[in-house]
Amino acid sequence: MEGVGSFGAGRAGGAFDPVAFIKQPQTILRILSWIFSIVVFGSIVNEGYINSGSEKLYCIFNKNDDACSYGITIGVMAFFASIFFFVLDIYFPQISSVKDRKRAVLLEMGFSGFWTFLWFVGFCFLANQWQRTSPKELPLNQGADAARAAVAFSFFSILTWAGLTVKAVQRYRLGTDMSLFATDPVDGTPTVQPYPGYPTGSGIETTDTYQSPPFTENLDTNAKSYQVPTY
């Protein structure tokens, strides 16, 4: 169940369930981000440069080399970042320190938010340059499908990285809610509750808790009823 333990993960040392891990929304978004990054930089690398009547290769996006370079750069970095955070997600439940978990969540939250912004800039940049590209610069519509794929999956990447940012924020807010640990200690040690009615204190017994010695009333009664025989 999501939300159990610290920062959305269970206690350290728990068994890893690959099926449950794959079904997590965060894992699905991570895999999609990885795939989308491959499509973006792969499309530009393979068909993003054309030879327009000369030996020199030009970027398909309005012959603007900055557009191709930007798409390749953020795509490749998103590719490796997705792998890094995917491995971190697997290792995250084994981190026993709450402070280390907090650092990991903050790192993911900051990076995902920043990369969402970069993908937004990349989508606007590539879409703008593609609109300015003249059909005459693309003989036989060369590389058009690759350019459209790069623009489309740049937009899809905005959605996936924004989703990862939201999930990271939720995990951070969950981890900073210390009320979760009021009845469930982080180290797994159960809280020992005193037995109802059992006296608590320093452990020193006092005589105030005792009343009259046992059999005292019986002895007094027998003593009064006994008469000394006369001879």
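This text goes with the structure placed above it.
A. Representation of the packing of helix α2 (residues 25-47) against helix α3 (residues 65-91) in the model. Contact pair α2 / α3: the axes reach a minimum separation of 8 Å and the direction vectors enclose 155°. With respect to α3, the element α2 is oriented roughly antiparallel. Helix-helix and strand crossings are classified by hand; for α2 and α3 the assignment is left-handed. Along the contact surface, α2 presents Q26, T27, R30, I31, S33, W34, S37, I38, V40, F41, I44 and V45, while α3 presents C68, G71, I72, G75, V76, A78, F79, S82, I83, F85, F86 and D89. Residue classes in the contact of α2 with α3 are distributed as 15 nonpolar, seven polar and two charged.

B. Expanded view of the packing of aromatic side chains. Applying the stated criterion to the full structure yields 16 aromatic pairs. Each ring, one from F36 and one from F156, has its centre 5.9 Å from the other, and the planes form 45°; the classification is tilted. Within this pair, whereas F36 is found in helix α2, its partner F156 is found in helix α5 (residues 144-176), the two being separated by 120 residues in sequence. Residue class for F36 comes out buried when judged on its relative accessible area of 12%. Look at F156 and you get partly exposed, because its relative accessible area is 34%. On the numbers, 4.8 Å between centres and 10° between planes, the contact of F111 with W115 is stacked.

The rules behind these values
- Residues numbered from 1 in each chain as written.
- Predicted model: local features only at pLDDT ≥ 70, side-chain atom pairs only at ≥ 80, totals over all residues.
- Heavy atoms only, no water.
- Axes fitted to C-alpha atoms, helices over the stretch in contact; angles between N-to-C directions.
- Helix = DSSP H or I, 4+ residues; strand = E, 2+ residues; numbered from the N terminus.
- Parallel < 35°, antiparallel > 145°, perpendicular 65-115°, else oblique.
- Left-handed = near helix turned anticlockwise from the far one by under 90°.
- Contact = heavy atoms within 4.5 Å.
- Nonpolar A, V, L, I, M, F, W, Y, C, P; charged D, E, K, R; others polar.
- Phe/Tyr/Trp six-rings, centres within 6.5 Å; stacked < 30°, edge-to-face > 60°.
- Buried < 20%, exposed > 50% of the residue type's maximum accessible area, 1.4 Å probe, protein only.

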